[in-house]
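Chain residues, written in single-letter form:
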Amino acid sequence: MQEKREVPTLCRMCDHGCGILVSVENGKPVHIRGNPDHPFNRGWMCIKGKSALDLFYAANRLKTPLIRKGGRLLRASWDEALGYAAQRLQQLKERWGPQALAVYYGEGVGHQEIRYYMKRFANVYGTPNFMSVGAICNAARTLGETLTLGGMTKPDIANARLVILWGANPLVSHEPVPPKIIRQLEKSGARLVVVDPRRTETGARADIHLAIRPGMDAVLIAGLLHVILREGLWDRAFARDWMVGFERLKRELSDPRYSPEAGAALSGIAPEAVAALAREYAGAKPACIFTGNGLEHHPSGVATTRLLAVLKALTGNLDVPGGELFTPRPPIKDITAPLPPPPAPPIGAERFPIFCRARGEGHALSLSRAILEEQPYPIKGLTLTGGNPTLEWPDSRRTREAFEKLEFMMVVDVVQSPDTRFADVVLPACTFLERDEHRSNVYLSLPYVTLRRAVVDPLYGLPDQMIWVRLAHAMGYQEYFPWKSCQEGIDELLSPMGTSYADLVAEGGIHAYDRRIYRRYEREGFGTPSGKVEIYPERLKGAGFNPSPVPPMAEDEIPVGETDESDPFPLMLTTGGNLLPYTHWQFRYIPRLRKSAPEPFLEIHPDTAVSLGIQDGEQVEVSTETGRIEVAARLTEAIRPGVVHLPQGWQSSNANRLTSTEGADPVSGFPNLKSVRCRVGKPLPTS
């Protein structure tokens, strides 16, 4: 008789953890459907979630550990691989000191639970250089809002009268919004505005699309604020009672340089469109703004997100239905806290102190330079979990050179990823269908802890948590890693809440730890030192940064993104846009996902292509001051003339061969990935 059951769990084909129901027969997963009881997706699934079984059964899954011998990665037992890794890590520590090891996790792992195990390992080992994908994703936005508002907001799209999607494509990106929420806006009469150089899949549904020039977001925000202040459209009671620095802001932005008329030459947005949006946004009540990495990946990303936070606050849209919601974090036990501090500051702390203090980690994008230049001290070892920095970090050539210089590198992944080519040890992780872990849903504006439950025993590999437990035991750290299973670890992490793994299972994997309370700041204040919205944070000033979020608007600034034959790099390149089937590099090895986006391409407007003599489908060369690639041109009117777009994550036509860490945001260290000067032309003939 066949055993059949359906297990509720969470998808991990991207970070957002939609609820799914997995049918299991005779110990094998056979079908997946959306969970209609999950409070976020309510049964909806994207194409990636529907392909989760393809990941589970993928032919290229790592089946055993690998050890490099004679230049080749060869199969090994778990005991052999863990013993070898422990030996090399101990030798590294004895020769160079514990700070010579960096411990990094990427987008491919669960950010919320596995990182605790990794950071605990780093702390026991003694290195300050625990690092994460946060150095290139989301953290700049979080820093900007936390400095200004004392916490991070998320838009209440379903209840808004006006929704602005700014630098985001949530119908495609790995921060998804179920399509039915967008459709409901049309039915309710709510308006949708998209600000993006491209008319994306989400932008195609918008009532208004503002095709902004890349990197000019702060100019547009300043123009909106200028109109709101000039015409008296702000929320006077909120500004009086809950904002610090309002009068100074009003003086700064009253300057004619910040008017829509003056900003149009830079932003590329008509003054009347800016004024109309300012009036509509200020008067809609409630309105919300959904932002993506499109605002972060510029030389002034933190200041831009701070200015946008001021716009949200000044119009009275904070913590109200249909506005920008604060969701308190659950009380999770910090299992890394009781350990002694490391002997040295983390890499990047001197240049990016606010980032490193706020995140409690080193700055990952500072790592390549530290490895190559051995400043402020040598980095000789790296553990890499769920990431591919040579594809995801700027300046891939330099990242590759840094990895080649390392004395030891360990990679943990589900498949043999591109960066395993640099590894001395490769340890196979299992898929999310084979591990237990908790998830906080703050990023979804839901005060719930949910459960990603193992639906079957691991086919190959181990849960990431247990890999770190076993490695710690191999190094003699047993007393710091007492858990015999993921379930025991969950019990400890959730202990401050008075709940457990068994309780979550009994609740169907969804536990409410708080309830929605609007305008919570009226009772508790904002999470800033003053308890109010801080337009000019003293924390920035004290760290030596300009506290003003207002862009300088130099009068001699030259508009960019327009074809100019006298400029060696006359066009503007924006990179990093996700493709629906993939999450960064991941899943290009799944055949049915690869079919929908099989090859890399460069989006270019037909008018720009004609001026360059380029035809649709033709191979072109894209070059910047950092590097060059060849890629097929895709002509489309859905992109602004003078701008080209290259999706990221491809091994061939790697977008990050064109990007650089130079000119990074001074506060977050985020690189410029979306407003890079470039040249496009026909490839030179090879000799």
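Our subject is the structure that appears above.
Residues numbered from 1 in each chain as written. Predicted model: local features only at pLDDT ≥ 70, side-chain atom pairs only at ≥ 80, totals over all residues. Heavy atoms only, no water.

### Quick notes on helix α9 (residues 246–253)
And step 1. Among all positions in α9, only Phe246, Leu249 and Leu253 are buried. Within α9, the buried residues cover an arc of 60° as seen down the axis, which keeps them to one side. (Buried < 20%, exposed > 50% of the residue type's maximum accessible area, 1.4 Å probe, protein only. Helix = DSSP H or I, 4+ residues; strand = E, 2+ residues; numbered from the N terminus. Arc of directions from axis to C-beta.)

### Here we look at the packing of helix α3 (residues 78–96) against helix α17 (residues 464–474)
And step 1. Packing of α3 against α17 leaves a shortest axis separation of 9 Å and a crossing angle of 60°. The angle between the axes of α3 and α17 places the two elements in the oblique class. For the element pair α3 and α17, the recorded crossing hand is right-handed. Contacts between α3 and α17 involve Trp78, Asp79, Leu82, Ala85, Ala86 and Leu89 on the former and, on the latter, Ile467, Arg470, Leu471 and Ala474.
And step 2. A class-by-class count of the residues in the contact of α3 with α17 yields eight nonpolar, no polar and two charged. (Axes fitted to C-alpha atoms, helices over the stretch in contact; angles between N-to-C directions. Parallel < 35°, antiparallel > 145°, perpendicular 65-115°, else oblique. Left-handed = near helix turned anticlockwise from the far one by under 90°. Contact = heavy atoms within 4.5 Å. Nonpolar A, V, L, I, M, F, W, Y, C, P; charged D, E, K, R; others polar.)

### Digging into helix α18 (residues 486–493)
And step 1. Those residues of α18 that sit buried are Cys486, Gly489, Ile490 and Leu493. All buried residues of α18 fall inside an arc of 100° around its axis, so they share one side.
And step 2. In the core, the buried residues of α18 are packed alongside α4 (114–125), β18 (437–440), β19 (448–452), α17 and α19 (501–506).

### So, the pattern of salt bridges
Side-chain pairs of opposite charge can arise whenever the charged atoms involved come near each other.
And step 1. Applying the stated rule across the entire model yields 37 salt bridges.
And step 2. Between glutamate 107 and arginine 12 there is a salt bridge whose closest N-O contact spans 3.9 Å. A residue pair is termed long-range when its members are at least 10 positions apart, and glutamate 107 in the loop between β6 (101–105) and α4 and arginine 12 in the loop between β1 (4–10) and β2 (19–25) qualify at 95 residues. Arginine 12 matches glutamate 107 in its accessibility class, with the two residues each being buried.
And step 3. Notably, a salt bridge pairs arginine 520 with aspartate 514, separated by 3.6 Å at the nearest N-O pair.
And step 4. Given the relative accessible area of 26%, aspartate 514 is considered partly exposed.
And step 5. Salt bridges sharing common partners tie together Arg12, Asp15, Glu107 and Arg439. (Salt bridge = Lys/Arg side-chain N within 4 Å of Asp/Glu carboxyl O.)

### Some words on the nonpolar core
And step 1. Counting 125 residues, the largest nonpolar core has Phe121, Ile379, Met410 and Leu427 as the members making the most contacts within it.
And step 2. The element contributing the most residues to this core is α4, with eight residues.
And step 3. Look past the residues within four positions of phenylalanine 121 in its chain and what remains in contact with it is Leu89, Trp468, Leu471, Ala472, Met475, Tyr477 and Phe481.
And step 4. Val274, Ala284, Leu307 and Leu314 belong to the second largest nonpolar core, which has 55 residues in total. (Core = buried A, V, L, I, M, F, W, Y, C linked by side-chain atoms within 4.5 Å.)

### Focus: unusual backbone geometry
And step 1. A cis geometry characterises the amide bond from lysine 285 onward to proline 286, with omega recorded as 10°.
And step 2. Of note, proline 286 is situated in the loop between α11 (271–284) and β13 (287–291).
And step 3. For the peptide bond that leads from glutamine 375 to proline 376, omega is 5°, which places it in the cis range.
And step 4. Topologically, proline 376 is positioned in the loop between α14 (367–373) and β15 (381–385).
And step 5. Backbone geometry places lysine 285, a non-glycine residue, at a positive phi of 40°.
And step 6. One can find lysine 285 in the loop between α11 and β13.
And step 7. In the Ramachandran plot, phenylalanine 587 falls in the positive-phi region, its phi being about 80° despite a non-glycine side chain.

Keep in mind that these numbers describe shape and distance, not what the molecule does.
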